Amino acid sequence: MSENENKNPTNFVKQIIEEDIKNRKNDSRVHTRFPPEPNGYLHIGHAKSICLNFGVASEYNGLCNLRFDDTNPTKEEQEYVDSISEDVRWLGFDWEDREYYASNYFQKLYEYAVQLIKAGKAFVCDLTADQMREYRGTLKEPGQDSPYRNRSVEENIDLFERMKNGEFEDGSHTLRAKIDMSSGNINMRDPVFYRIQRSTHHRTGDEWCIYPMYDYAHCVSDSIEGITHSLCTLEFEDHRPLYDWFLDQLNVFHTHQIEFARLNISHAVLSKRKLLQLVQENYVNGWDDPRMLTISGMRRRGYTPASIRKFCERIGVAKADSTVDMALLEYSIREDLNKSAPRVMSVLRPLKIIITNYPEGQTDDLDAINNPEDPGAGTRKVPFSKIIYIERDDFMEDPPKKFFRLAPGREVRLRYAYFITCVDVVKDDNGEVSELHCTYDPETRGGDAPDGRKVKATLHWVSDEHSLEAEVRIYEHLFEKADPDNPKDEADFKSYLNPNSLTVLDGCRVEPSLAGAEPGSRFQFERLGYFSVDSDSSDDKLVFNRTVTLKDTWKKIQKAKKQ
RNA sequence: UGGGGUGUGGCCAAGCGGUAAGGCACCGGAUUCUGGUUCCGGCAUUCGGGGGUUCAAAUCCUCCCACCCCAGCCA
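On a predicted model such as this, the values are computed, not experimentally measured, just so you know.

A. Spotlight on the confidence of the model for chain A. Per-residue confidence for chain A gives a mean pLDDT of 96; residues scoring 70 or more make up 99%. Overall fold confidence for the complex sits at a pTM of 0.96, while the interface term, ipTM, reaches 0.97.

B. Representation of helix α3 (residues 44-59) in the model. The terminal C-alpha atoms of α3 lie 21 Å apart, and with 16 residues this matches the ideal 22 Å at 1.5 Å per residue to within 8%. Of all 16 residues in α3, 13 are buried, a share of seventy percent or more.

C. Just the sheet that holds strand β21 (residues 458-459), in detail. Across the sheet, seven strands lie side by side as β21-β18-β19-β20-β14-β17-β22; this open sheet has mixed pairing. Where the open sheet ends on each side, the last strands, each with one partner, are β21 and β22 (461-463). The pairing of strand β14 (residues 350-355) with strand β20 (residues 433-440) spans four bridges and is classified as parallel. Counterpart to Ile 354 in the pairing with β20 is His 437.

D. How the structure looks around the protein's contact with RNA strand B. Inspection of the region around RNA strand B gives 72 residues, with Arg 343, Arg 405, Arg 413, Arg 415 and Gly 446 positioned closest. The sugar and phosphate moieties of RNA strand B supply 65% of its atoms located within 4 Å of the protein. With respect to RNA strand B, the backbone of Gly 171 contributes an N or O atom lying 2.9 Å from a base nitrogen. In the environment of RNA strand B, a sugar or linking oxygen lies 2.7 Å from a nitrogen or oxygen atom belonging to the backbone of Thr 323. Mapped onto the surface near RNA strand B, the elements with two or more residues apiece are α1 (3-6), α6 (129-136), β6 (192-196), α12 (305-315), β11 (322-324), α13 (326-340) and α14 (553-562). In the surface near RNA strand B, the residues fall into 24 nonpolar, 22 polar and 26 charged.

E. The side chain of Thr 294, seen in detail. Topologically, Thr 294 is positioned in the loop between α10 (272-280) and α11 (295-301). For Thr 294, the side chain forms a polar contact with the main-chain nitrogen of Gly 297, separated by 2.9 Å. Residue contacts for Thr 294: discarding those within four places in its chain leaves Tyr 41, Leu 42, His 43, Leu 275, Trp 287 and Asp 288.

About the criteria used
Residues numbered from 1 in each chain as written. Chains lettered and ligands numbered in written order. Predicted model: local features only at pLDDT ≥ 70, side-chain atom pairs only at ≥ 80, totals over all residues. Heavy atoms only, no water. pLDDT = per-residue confidence, 0-100. Helix = DSSP H or I, 4+ residues; strand = E, 2+ residues; numbered from the N terminus. Expected span 1.5 Å × (residues − 1). Buried < 20%, exposed > 50% of the residue type's maximum accessible area, 1.4 Å probe, protein only. Pairing = 2+ DSSP bridges. Near = heavy atom within 4 Å. Polar contact = N/O pair within 3.5 Å; in protein donor to acceptor, adjacent residues only side chain to side chain. Nonpolar A, V, L, I, M, F, W, Y, C, P; charged D, E, K, R; others polar. Contact = heavy atoms within 4.5 Å.

Written out as structure tokens, the structure reads:
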């Protein structure tokens, strides 16, 4: 890693904050918040926001709150607040006792609304949703004032109180801000900020039948919590005038809203709506399906919190719409696991080898290094015997020029074990290679030839008698197309789903040291990739997820040849 | 002339008037008991386009072009 990458990268948000600190704005205090709506699971895009909010807070000796933006009881559930809390914590961030809910402020929000009515800045409107849409105008034409816009303060107060008391039907009345129906910014055309909605809230139960809307609740919540910098995504840019309007009218602490570009990743879909669709229509197996870029999916897949944080640091924070290459995410997890994951040998598609000159019934315990990147990780013993398995891909009967691995008559090294030479190829009735007969050179025990002769390849292997059976789940990109949700595309994003995104390999063989491996633990299967033990794994049956492959130069050469 | 934004290599992204950081990807080459890792080298005479200001412009001005967001009683 270059010296330059280690330097804490700058971005426009930090620049604003640094300027504010310099100018002693808010007494140079920095206080942010991560404000998820508990209506879905967190994904890598949220991780960007989490890292940004908690990151700048800690960098400038400030604080970051976790605040659930729970103003719409029809969509929100406790299940989601639990999963969100777990995910933020897992990512490595601590909000201490500052876990807040917009719903904590419902009473205060109500009182502020009354204050706005008294100031002549809000009115109760009887228009139906359809009527309101007509009065709103269009993008290019101004709207028209509601016929209820000029009700007296007294009448508005009375009506609003009765709304709260449940005297009206859902949707029959709204509380609206009195701003400007001809504004070019539609958000300023007398926006609704309270609606009647009789549904049970996951925290306040049936205490309220009116609920504040985002534009009102969010800015006031920020203000109540003393948030200095309210970071949100670009689509809220034209809500900022309304955000500012409420705080100005209320004359309360004024938080500064700053917008940044949301994250997109190639070969993936990141909107909550689309993720929900994949889950509900069973294109994936739940929110934590390892193919999903949800935090829970990535956790199950084997991603580390550090690798996700590093990824978020690398992609930067800016205002330009962008799509980050999935390769960068994969690089980030490889980089982390290369340093930390214990190495182990596993054979995914076994090809049997009989070492013809190896004594029957003998076992050889060979020393293997646990992690060449970490000398402190020590060594372990790996048993060798007469019958072993190697990867089918590591043998070719008629090898092309650059194939270095095993072939008839050729000698290769078995990692940490012996040099072997292929002397015979046995085929089944279909002409498929069913087993190989090889001889080994006892002099090469440990992997080096005393006479100094070299081999071109080192293969991983596993002993038939000692290895454990395992299921391995191989994942590829969920989408074949780099930009499955291109808005200009006529086709549905689901038509770009990769049919090979999941391949379940049964009958894989793993080395015995993996017995009892805990779910969630991560390993490098030498020469193959990084794998983690799935939550479905048990002592009876080990189940691994492939987190990511190793970089594969051989595969690249093959691909280049085909084209 | 509806409003609000954004355009720097294939993908991100620094740059803030002094002559294009960095990462990923890609292409070499060295080391290697993982075709991994590591290392070394290459990769924008040019910053959406045109004009202008200036000794000097990706940075300032101006016109144009492209793309994104907004018409929920969602967030």
